[in-house]
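Overview (structure and organization)
This is what each chain is made of:
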Amino acid sequence: MNGDAQITEGSLGKFLGAISRGTIHHDTRVVNFGDRLFYWATQAVALSVIIIALLLVGELVRGSWEAIQRFGLKFLVGTTWDPVARVFGTLPTIIGTLVKAFIALLFAVPISIGSAMFITFYVPKWLRPMISYPIELLAGIPSIVFGLWGLFVMVPVIRTVQIWLKANFGWFFLFNGPAVYGVGVLSGGVILAIMIIPIIAAISRDILLTVPRSQIEGMLALGGTKWEAIWKVALPYSRIGLVGAVVLGLGRAIGETMAVTMVGGNSFELIHSLFDPVHSMASQIASEFTEATYSLYVSSLIYVGLVLFGITIVISLCAQILIWRLSKGKVAVFE
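Residues numbered from 1 in each chain as written. Predicted model: local features only at pLDDT ≥ 70, side-chain atom pairs only at ≥ 80, totals over all residues. Heavy atoms only, no water.

Here we look at the overall build of the protein
For clarity, the threshold we go by: Per the convention used, a helix needs a DSSP run of H or I reaching at least four residues, while a strand needs a run of E reaching at least two, with both numbered from the N terminus. Here the term buried applies to any residue with accessible area under 20% of the maximum for its type, exposed to any over 50%, and partly exposed to those in between, with areas from a 1.4 Å probe on protein chains only. Residue contacts are counted whenever heavy atoms from the two residues lie within 4.5 Å of one another. Using the Shrake-Rupley algorithm and a 1.4 Å probe, accessible areas are obtained, with residue cover drawn only from the displayed protein chains.
Along its length, the protein carries 13 helices and 2 strands. Looking at the protein as a whole, 37% of its 335 residues are labelled buried. Counting contacts in the protein only where the partners sit at least 6 residues apart, residues at least 24 apart contribute 74% of the total. Counting only carbon and sulfur atoms, one obtains 70% of the accessible surface of the protein, whose full area is about 19200 Å².

So this is what it looks like as structure tokens:
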């Protein structure tokens, strides 16, 4: 045994000596070259995303430069969109985009996270794929299909709801539109909610499945109910991921085009109630870009796209700050 130990120590000494003399320098360089190549490749991929984003911003600025020089920041607060008079402002579409996205979140977040909690904690494991698959399938349906369904199926239902709301709650300004058409802010918000529910629900389910089962069982062992285990353990544990899921859904809602174009009403006016027809920024670009007949018109539409890109960046930054604050202040779930 001692002889084996001596041989081993001698072999180790020879190996270290070879390293110091540089006789195995070639093999080390091969290993280091592979590591460096992988590092450079991943670094290039990461930088390419930033470069693409900068190129996108640069192209938007270049295309909208004529409108920027003509209108400046007044473009953001202007309420007139008149291609004949060559006067452009985009405040109504900004408000319409944000209001419809906010309405969509009001409907979608409780339904999505509630569905994810039900699938994760109440549905038997063998039944989960049968319920999860239709939700994931809805997330892949093209927006034009949602738009057609919304126009022919949802809008008549919304019109009936609007008539009832106006008859019973018309004293409230949100339910006191000048006319009830069925298309408008409420319809746009509802169709967006239907479109983002599958996205938020599918991501939230996967996040909730990562909650350690031992923590849930520990809460139950302490005498808590299943609802208390979900509320005090699962949701705090996964809150950062759930915020990310909501932000992804919000991004889809803000950038949606065809479905909102078909049920939103496409009116360039400041909204005063949930029944008013309204344009969103994406739907305005889609519906008017082919009709732009002179350079300032095209530049103004690209300027709208630049503003939409900026709103998306601001929302993403706010979400990152919120996630950072949640992760920084994260404490143990049993407190």
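Thoughts on the side chain of E256
Worth spelling out the cut-off: Think of a polar contact as two N or O atoms within 3.5 Å of one another; within protein, one of them needs to be a possible hydrogen donor and the other a possible acceptor, and neighboring residues in sequence only count if both atoms come from side chains.
You can see E256 is positioned in the loop between α10 (239-255) and α11 (258-263). Assessed through its relative accessible area of 7%, E256 is described here as buried. At 3.2 Å, the side chain of E256 forms a polar contact with the side chain of S143. Filtering out sequence-adjacent residues up to four positions away, E256 remains in contact with S143, L192, M195, S280 and A282.

Here's the deal with the packing of aromatic side chains
The cut-off we apply is this: We call Phe, Tyr and Trp rings a pair once their centres come within 6.5 Å, taking the six-membered ring for Trp, and we label the pair stacked below 30 degrees between planes, edge-to-face above 60, and tilted otherwise. Here, a charge over a ring means that NZ of Lys or CZ of Arg falls within 6 Å of the ring centre while also lying within 35 degrees of the ring normal.
The tally for this structure, following the rule as stated, stands at 17 aromatic pairs. Here a set of aromatic residues connected by ring pairs shows up, and it is made of F71, F75, W81, F88, F268, Y294, Y297 and Y303. Taking NZ or CZ as reference, R86 lies 3.9 Å from the ring centre of Y294, over its face. Sitting over the ring of Y122, K226 keeps its end group 4.9 Å from the ring centre.

Things to note about the pattern of salt bridges
Quick note on the threshold: A pair is scored as a salt bridge if a Lys or Arg side-chain nitrogen falls within 4 Å of a carboxyl oxygen belonging to Asp or Glu.
Here the structure, examined in full by the defined rule, presents 5 salt bridges. Here R205 makes a salt bridge to D206, at a shortest N to O gap of 2.7 Å. With relative accessibility at 40%, the residue D206 sits in the partly exposed group. Here E256 and R252 are joined by a salt bridge, their closest N and O atoms 3.3 Å apart. Each of E136, R205 and D206 takes part in salt bridges that share partners, so that together they form one network.

A look at the nonpolar core
Rules: Each nonpolar core is a collection of buried residues, namely Ala, Val, Leu, Ile, Met, Phe, Trp, Tyr and Cys, held together in the definition by side-chain atoms within 4.5 Å.
Counting residues in hydrophobic clusters, the biggest one holds 55 residues, and the most contacted among them are W81 and F88. Residue assignment for this core shows that the elements contributing at least two residues are α2 (25-71), α4 (91-121), α6 (143-169), α7 (185-208), α10, α11, α12 (281-288) and α13 (295-328). With residues up to four places along the chain from it excluded, the contact list for W81 reads F75, V87, F88, G89, F268, Q284, E288, Y297, S300, L301 and V304. If you look at the next biggest cluster of nonpolar residues, it comprises 14 residues, including M117, L208, V233 and A234.

Details of the packing of α7 against α10
Stated formally: In this analysis an axis means a line fitted to C-alpha atoms, helices contributing only their contacting stretch, and an angle means the value between N-to-C directions, from 0 to 180 degrees. If an angle is under 35 degrees, it is roughly parallel; if it is over 145, roughly antiparallel; if it lies from 65 to 115, roughly perpendicular; otherwise it is oblique. In this scheme the crossing of two helices becomes right-handed for a clockwise turn of the near helix relative to the far one and left-handed for an anticlockwise turn of less than a right angle. Put simply, Ala, Val, Leu, Ile, Met, Phe, Trp, Tyr, Cys and Pro go in the nonpolar bin, Asp, Glu, Lys and Arg in the charged bin, and everything else, Gly too, in the polar bin.
The interhelical angle for the contact between α7 and α10, taken along N-to-C directions, is 155°, at an axis separation of 9 Å. Classified by the angle their axes make, α7 and α10 are roughly antiparallel. The element α7 and its partner α10 pack so that their crossing is right-handed. Counted together, L192, M195, I196, I199, I200, I203, S204 and I207 of α7 and G241, L242, A245, V246, L248, G249, R252 and A253 of α10 form the full contact between these two elements. Classifying every residue of the contact of α7 with α10 by side-chain character gives 12 nonpolar, 3 polar and 1 charged.

In short, geometric facts, not functional conclusions.
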